Amino acid sequence: MNHYDFIIAGAGLSGLSLALHMINSPLRDRSILIVDPDLKERNDRTWSYWSDRPTPFDGIACRTWDRLHLAGLNGEMRVNLRRYRYRTIRGSDFYEHARRELAKHPTVTWLRGKVETIEDNGDAARVIINHEAVTGRWVFDSRPRHTGFDQRYHQLKLHFKGWEIETARSAFDPSAATFLDFRTPQNGATRFFYVLPFDERHALVEYTLFSNMPLLPREYEQALHTYLRDVLKIDDYHITRQEGSVIPITDQPYARRFGERSMSIGMAGGRIKPSTGFAFMRVQADSSAIVQSLIEHDQPFDVSEDSERYRLYDALLLDIMEREPERIQSIFAALFKRNSIEQVLSFLDEQASFMQNVRMIATLPPAPFLQALARMGKSRERVVETA
Ligand SMILES: Cc1cc2nc3c(=O)[nH]c(=O)nc-3n(C[C@H](O)[C@H](O)[C@H](O)COP(=O)(O)OP(=O)(O)OC[C@H]3O[C@@H](n4cnc5c(N)ncnc54)[C@H](O)[C@@H]3O)c2cc1C
């Protein structure tokens, strides 16, 4: 039976980010097995992220912006990002970069296969892949999980449907990425578009919504088509690539340690920020913390817990999205109009202090938050009563 220091289930964002952090650390000589049934050769998604400092991935970004465009918030605005930059990486470029970097290390093995089960077994975990067993000192699992539903928390689905298009004529302003555009009927859900203009004739236009309602493929297509025609005034275009997925969003804490030797990472480890759906930079911070914990404590679990304060803000926003989604637009309008972009981004990064939070919250309409707080209190009381 083969034995590895680290087994990584899933060669997506979190699995590959962790492997890259490992080979760029004192752990570089340890043996790593990366398992995924997918060859990761398709451009299956596009990651955007912001940062106020250089990151190891900036070199593979296909586009960087220093301005963002926001619309539908009782008007439109363009904001200069000041010390921040907004970047986009194509999934295929990220996978290719990871393959190239990891190939320089003979201690890294790739296996095309499905992780079926992970069992703790004393000093090692036993992992069944394609009906065969291997062992690992530590196992990192990014397979999508279906955690038990706990009624005290919110559960929503985040839908993505994106078209990369080429237009017949110049149609986009490539100097600014559209971060949020609410100019689409909300119809009982929080719905918006984002647009990543690669140049004047090419862009990724993505329809995004937080909703538990299942949508038919033609409903996404209709929304995209209408937005392009009525809002962006683009009629003459063709679709060069499509992406899409529906992922679970919750404020329910995810168990990171699910055995003596196994840890969940990525979406399965709760690394997607519930109120925004962004994960790229959170996954990088988590990978770095796991590597640091392994180096310092010879175990991966010494990563900091999510802040209770920010979990409460996320829960409040999810409650509003679930119960009064039409109010989200005015909250975001106030957030972006009454605060500097640096304040907003550091808040979304969970870096702002308590006093900075207080000042920012004072700029937002209080009623939706107070009502959400009251609803959450009542629903928790009900859960306690019925327990
Ligand atoms: C369309 C889309 C756009 C997004 N855009 C952004 C964005 O712009 N910015 C941002 O920050 N976040 C974005 N996200 C959210 C988040 O960053 C991604 O979902 C991210 O890919 C999550 O990383 P992950 O490692 O948890 O999952 P994934 O990247 O999905 O990786 C999981 C891997 O596990 C593999 N797997 C599944 N089952 C098994 C098994 N049994 N055994 C072994 N492997 C298995 C899968 O094949 C997959 O490769 C987006 C998500 C989607 C879906």
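Look up: the structure comes first, before these words.
Residues numbered from 1 in each chain as written. Predicted model: local features only at pLDDT ≥ 70, side-chain atom pairs only at ≥ 80, totals over all residues. Heavy atoms only, no water.

Chemist: What is the right way to read the side chain of lysine 161 from this model?
Modeler: Relative to the helices and strands, lysine 161 is located in strand E12 (residues 155–167). An unpaired buried charge is present at lysine 161: no salt bridge exists, and glutamate 221, the closest side chain of opposite charge, is 5.2 Å distant. Among the polar contacts listed, one links the side chain of lysine 161 to the side chain of glutamine 242, at a separation of 2.8 Å. Residues within four places of lysine 161 in sequence aside, it is in contact with Val205, Glu206, Tyr207, Tyr220, Leu224, Gln242, Glu243 and Gly244. (Helix = DSSP H or I, 4+ residues; strand = E, 2+ residues; numbered from the N terminus. Buried < 20%, exposed > 50% of the residue type's maximum accessible area, 1.4 Å probe, protein only. Lys, Arg positive; Asp, Glu negative; His and termini not counted. Salt bridge = Lys/Arg side-chain N within 4 Å of Asp/Glu carboxyl O. Polar contact = N/O pair within 3.5 Å; in protein donor to acceptor, adjacent residues only side chain to side chain. Contact = heavy atoms within 4.5 Å.)

Chemist: Please clarify how the packing of helix H1 (residues 13–23) against helix H4 (residues 280–297) should be interpreted in this entry.
Modeler: When two helices pack together, their arrangement is given by the angle between the helix axes and the distance between those axes. Two elements in contact, H1 and H4, have axes separated by 9 Å at closest approach and are oriented at 45°. Classified by the interaxial angle, the pair formed by H1 and H4 is oblique. As for the relative orientation of H1 and H4, their crossing is right-handed in sense. Contacts between H1 and H4 involve Leu13, Ser14, Ser17, Leu18, His21 and Met22 from the first element and Phe280, Val283, Gln284, Ser287, Ser288, Ile290, Val291 and Leu294 from the second. For the contact of H1 with H4, the per-class residue count stands at eight nonpolar, six polar and no charged. (Axes fitted to C-alpha atoms, helices over the stretch in contact; angles between N-to-C directions. Parallel < 35°, antiparallel > 145°, perpendicular 65-115°, else oblique. Left-handed = near helix turned anticlockwise from the far one by under 90°. Nonpolar A, V, L, I, M, F, W, Y, C, P; charged D, E, K, R; others polar.)

Chemist: Would you mind showing me how to read a nonpolar patch on the surface here?
Modeler: On the surface, Leu312, Leu370 and Leu373 cluster together to form a nonpolar patch covering roughly 270 Å² of accessible area. On the secondary structure map, leucine 370 appears in helix H9 (residues 366–386). For leucine 370, a relative accessible area of 56% translates into the label exposed. (Patch = residues over 30% accessible without salt bridge, like charges linked within 9 Å, V, L, I, M, F, W, Y side chains within 5 Å. Areas by Shrake-Rupley, 256 points an atom, 1.4 Å probe, with all protein chains shown as cover.)

Chemist: I keep staring at the packing of aromatic side chains and nothing clicks. Help me out?
Modeler: Aromatic ring pairs: the centre-centre distance and the angle between the two ring planes describe each pair. This structure, assessed with the given rule, holds 26 aromatic pairs. Aromatic pair phenylalanine 179 and phenylalanine 336: ring centres 6.0 Å apart, planes at 70°, arrangement edge-to-face. Here the residue phenylalanine 179 occupies a position in strand E13 (residues 177–181), and phenylalanine 336 occupies one in helix H6 (residues 328–338), the gap between them amounting to 157 residues. Relative accessible area serves as the criterion here: at 5%, phenylalanine 336 is assigned to the buried category. On the numbers, 4.9 Å between centres and 25° between planes, the contact of phenylalanine 193 with tyrosine 207 is stacked. (Phe/Tyr/Trp six-rings, centres within 6.5 Å; stacked < 30°, edge-to-face > 60°.)

Chemist: What's the story with H1 in this structure? I'm lost.
Modeler: An α-helical turn contains 3.6 residues, so any two residues separated by three or four positions project in the same direction. Among the eleven residues of H1, ten are classified as buried, and the element is accordingly described as predominantly covered. Turning to H1, its buried residues number three or more, namely Leu13, Ser14, Gly15, Leu16, Ser17, Leu18, Ala19, Leu20, Met22 and Ile23.

Chemist: Would you take a moment to explain the sheet that holds strand E14 (residues 190–197) for this structure?
Modeler: Read across the sheet, seven strands follow the order E6-E5-E13-E14-E15-E12-E16 without closing on themselves; strand pairing throughout is mixed. If you trace the sheet from one side to the other, it starts and ends with strand E6 (76–80) and strand E16 (237–250), each paired once. Between one strand and the next, the sheet's axes are offset by a mean angle of 15°, whatever the strand orientation. Inspection of the sheet shows strand E5 (residues 67–71) paired to E13 by four bridges, in the parallel sense. Bridging across to E13, alanine 71 finds its partner in aspartate 181. Packed on one face of the sheet, H6 meets E5, E6, E13 and E14 and runs near 135° to E13. (Pairing = 2+ DSSP bridges.)

Chemist: What is the right way to read the site of the ligand from this model?
Modeler: By nearness alone, 30 residues border the ligand, and Ser14, Asp36, Met267, Ala279 and Phe280 come closest of all. Between the ligand and the protein, one listed contact pairs a nitrogen atom with a backbone N or O atom of valine 115 at 2.8 Å. When the ligand sits alone it has 980 Å² of accessible area, and the protein chains cover 91% of it. Taken together, the elements giving at least two residues each to the shell around the ligand come down to H1, strand E2 (32–36), strand E3 (46–51) and E16. (Near = heavy atom within 4 Å.)

Chemist: Honestly, the nonpolar core in this entry has me stumped. Any pointers?
Modeler: For soluble globular proteins, the rule of thumb is that nonpolar side chains tend to be buried together. Core analysis: the largest hydrophobic core is formed by 86 residues, its most contacted members being Met22, Tyr86, Phe94, Leu102, Phe140 and Phe336. Ranked by residue count, the leading element in this core is helix H5 (residues 308–323), at eight residues. Excluding residues that lie within four positions of it along the chain, phenylalanine 94 makes contacts with Gly12, Leu13, Leu16, Ser17, Trp47, Phe57, Ile60, Ile89 and Phe280. One finds Ile165, Leu224, Leu228 and Tyr237 within the second-largest nonpolar core, a separate group that totals 17 residues. (Core = buried A, V, L, I, M, F, W, Y, C linked by side-chain atoms within 4.5 Å.)

Chemist: What is the right way to look at the sheet that holds strand E7 (residues 85–90) in this model?
Modeler: For sheets, the rule is that strands pair by backbone hydrogen bonds, running either parallel or antiparallel. Across the sheet, which stays open at both edges, the three strands sit in the order E3-E7-E4 with antiparallel pairing between neighbours. Looking at which strands have only one partner, the edges of the open sheet turn out to be E3 and strand E4 (63–65). Recorded for the sheet is a direction-independent mean angle of 20° between the axes of neighbouring strands. Across three bridges, the pairing between E4 and E7 is antiparallel. From the neighbouring strand, tryptophan 65 faces E7, where its bridge partner is tyrosine 86.

Chemist: I keep staring at the pairing of E14 and nothing clicks. Help me out?
Modeler: Taken across its eight residues, E14 has eight buried, putting it largely inside the fold. In E14, alternate side chains face the same way, and those of Thr190, Phe192, Tyr194 and Leu196 on one face and Arg191, Phe193, Val195 and Pro197 on the other are all buried. With two bridges connecting them, E13 and E14 associate as antiparallel partners. For aspartate 181, the partnering residue across the bridge sits in E14 and is phenylalanine 193. Counted between consecutive antiparallel strands, the loop separating E14 from strand E15 (residues 202–210) contains four residues.

Chemist: Mind showing me how you'd approach unusual backbone geometry here?
Modeler: A negative phi angle is the norm for most residues apart from glycine, just as the trans form is the norm for most peptide bonds. The phi dihedral of asparagine 187 falls on the positive side, at around 40°, and the residue is not glycine. Relative to the helices and strands, asparagine 187 resides in the loop between E13 and E14. Phi angles above zero are rare outside glycine, and glutamate 350 is one such case at about 60°. Inspection of the secondary structure assignment puts glutamate 350 in the loop between helix H7 (341–348) and helix H8 (354–361).

So, to be careful, I would describe these as geometric facts and stop short of saying anything about function.
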